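Now for the letters of each chain:
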Amino acid sequence: MTQPLRIVIAGGGTAGWMAANLFANIWKNSPVEISLIESEDIGTIGVGEGSTPTLKRFFQTLSIAEHEWMPQCQATYKVNIKFNGWNGDVHASYSHPFISQLDVFSERAFHINALTRRLGLNVETRPEKFLMAGYLAKKQLAPIPSHNFPFAIEYGYHFDSMKLGQFLRNFGKKLGVKHIIGNIESVETHANGEISALTCTDGRRIEGNLFVDCTGFNSLLLQKTLGVKFNAFGKNLFNDAAVVLPTAPLQTMPVETESTAMSNGWCWQIPLRNRTGNGYVYSQQYQSKEDAERELRQRLNLLDCDVEAKHLKMRVGQCEKHWHKNCLALGLAQGFIEPLEATALHLVQVSIEMFIDTFTKGHFSAQYQDTYNKDISERFERIRDYIVCHYKLNGKRDSQYWVDNRDNMHLSESLLSLLDVWYRKGDIVEEIKRQGIGKHFSTTSWHCLLAGYGVFPPIALQQPDSLKEKGDLFEENKLASFFSRCSLNFEKQKLLFQIA
Ligand SMILES: Cc1cc2nc3c(=O)[nH]c(=O)nc-3n(C[C@H](O)[C@H](O)[C@H](O)COP(=O)(O)OP(=O)(O)OC[C@H]3O[C@@H](n4cnc5c(N)ncnc54)[C@H](O)[C@@H]3O)c2cc1C
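Read on for a plain summary of the structure. (Residues numbered from 1 in each chain as written. Predicted model: local features only at pLDDT ≥ 70, side-chain atom pairs only at ≥ 80, totals over all residues. Heavy atoms only, no water.)

As a further point, take the overall build of the chain. When its secondary structure is counted, the chain shows 17 helices and 21 strands. Projected onto its principal axes, the C-alpha coordinates of the chain cover approximately 80 × 55 × 50 Å. Within the chain, contacts between residues separated by at least 24 positions form 75% of all contacts whose residues are at least 6 apart in sequence. Carbon and sulfur atoms make up 50% of the accessible area of the chain, which totals about 21900 Å². Averaging the locations of the 54 positively and 54 negatively charged side chains of the chain gives two centres separated by 2 Å. (Helix = DSSP H or I, 4+ residues; strand = E, 2+ residues; numbered from the N terminus. Contact = heavy atoms within 4.5 Å. Areas by Shrake-Rupley, 256 points an atom, 1.4 Å probe, with all protein chains shown as cover. Lys, Arg positive; Asp, Glu negative; His and termini not counted. Charge placed at Lys NZ, Arg CZ, Asp CG, Glu CD.)

This is how it looks when you write it as C-alpha cells:
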C-alpha cells in the first residue's frame, strides 16, 4: 500500500463497532486510518441480545477476557435454544444445543436413531438426550468446565446490546479508532460512482477510500446512494415486526434462550443478569401492533403494568451485493434474517472476517469482490432456509398464520431437496455433504430441527423384540450416566459470576 487507506464507518451500532474493532486490530501495523461516525439523534436498534458460539472467537481475536466484558454487559452464557409449543401435541418442546467436541461420542447414535425412527422403530430421538449442551441446559450449568476436563465446550452469550455497544466503542477508541458524532446528510460520489465523502448536517466533510455502511435499516450508503437492490425474503418468512418488553431477572439463571410459539409468531425469553429480555416477533399481515403487544403483556402478566413496550419494524432479506464499488455494508444495512436462531451478529462477524481475508488477499483492492458477494449471499440464503424450515414443519392449528406457514411452498431447491431426502428415509448426512451446506448449519443441527420437531412417519405396529432386549443405539442409561459424570465438572453460572 503506497497511500494510507482511510476507512470510514458510517453507523455506531453493534455492526459498526464490531467492524471498527476488528479492522483496527488486524491492521494495527499497517497504514490504515479508521473513523466511525454515528448520530446521537438516530440511535441504535437496541435489541439483539443472543449470540451463536462465533461471538466467542470475536472476543478471543481482540484478547478480551470474559471477566472484562461480561459483567459490564450483564451477560450470561448460552448453550441452547429451547423451542416451546411449535409442534402442537407431538413434542411440547425441543432443543437446538450448540455442538461440542464431546459430542463425537454421541452424534452418530443420534443420526442413526433418527434414521431408525424414520424407518418406523420406536427409538429415542430427542436432541437434548444426545448432546452435552442439552444436558447442561437442562441442569442450568455454565459451559465452563474445571481445568482438568479434557474437552472444549461450545457456547454463546446473552447480553445487553446497548451496553455491549458502549463497551465496544470504548475498546475501539483505545485501539485508535477516530470517533465522530454527527448526522450524515449527504453522500458524495466520484464520476466513477465510488463514494468520496460523507457530509454532516453541520457542514463537516469526511473523506475516505473505503466506506462501510453500518447505518442499520437506513442503508444510507449501499442502498440509498449506490442503489444496490434489496431482495426481500417476505415470501419465505412472514414476520416483519417485533414488540419488546423487559421483566425482572429470573431467580434461577438458565443457560438457554427460550423461543415460544405465539398466535402469530414467537416470543423470546433471554436471561440477563439484571433483567429478562422478552420480545414477540410477529407478522403485521396477520396481527396488529396493539394485539401483539396485548398478547405479549398477557403472557408476561404485564397487562395492568405501565412498563413501556418498544415496537420495531423488521426489513427481512438481503442486498443483492454486500460489497459494491468502494462500499461494504454490514449488519442491518446489508440484510437481516429474523432472530429465531440469533444469527444476525454471527453474519456480521463472518462478513467482517471474510472481508478482511478477501481484501488482504487482493492487496487492498476489490479484486475478489464477486467471490465475496457470492459467498455472503449464499450464507444468508442457507441460514434463511434453516429458519424457514422451523415454520414449514409447524404443527399448530390455532391461527391462519401457522396454517399459511405450513402451506407455504416458497422453499429453495436446497431445502426442498433436504426435506425430500428426510421424508424418503434417505441419507441426510450424505445430502448435506453433497450440497456443501454443513458450514452453515451442521448435520447434527439439521437433525436437531427435524428429529426434534418429530417429523417422522407413524411408528410401525410391530416393534422387534430385540429393540427392548438389546436397547437401541441410544443406550439411554449409558449416555445419561456419561453426561451426568461429565456434568460434575461444571457449576451454575451464578456461582461463576460471583467468583468473577
Ligand atoms: C427484533 C430484533 C431482534 C434481534 N435479535 C437478535 C439476536 O438475538 N441476536 C443477534 O445477533 N441479532 C439480533 N438482532 C439483530 C441485531 O439487533 C443487529 O444485527 C445488530 O444490533 C446490529 O445492528 P446495526 O449496527 O446494523 O444497526 P443499528 O443498531 O440500527 O445502528 C445503526 C447506526 O447507524 C447510525 N446512523 C443511521 N443513520 C445515520 C445518519 N444519517 N448519520 C449518522 N449515523 C447514522 C445510527 O446512529 C446507529 O449508530 C435483532 C434484531 C431485531 C430487529
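There is more to say, and it comes next.
Given two aromatic rings, their pairing is described by the distance between the two centres and the angle made by the two planes. Tallying each qualifying case throughout the model produces 40 aromatic pairs. Ring geometry for Trp 27 and Phe 364: centres 5.5 Å apart, planes at 50°, overall tilted. Note that Trp 27 is positioned in the loop between α1 (14-26) and β2 (32-38) and Phe 364 in the loop between α9 (344-361) and α10 (369-392), a separation of 337 residues in sequence. Given the relative accessible area of 25%, Phe 364 is considered partly exposed. Here the aromatic rings of Trp 266 and Trp 268 are separated by 6.2 Å at their centres, their planes lie at 55°, and the arrangement is tilted. When its relative accessible area of 2% is taken as the criterion, Trp 266 is described as buried. The residue whose ring lies beneath Arg 118 is Trp 422, and the NZ or CZ to ring-centre distance is 4.2 Å. Across the ring face of Phe 230, the terminal group of Arg 315 is positioned such that the distance to the ring centre comes to 4.0 Å. (Phe/Tyr/Trp six-rings, centres within 6.5 Å; stacked < 30°, edge-to-face > 60°. Buried < 20%, exposed > 50% of the residue type's maximum accessible area, 1.4 Å probe, protein only. Lys NZ or Arg CZ within 6 Å of the ring centre and 35° of its normal.)

Honestly, that's just the spatial picture; any functional story needs more than this.
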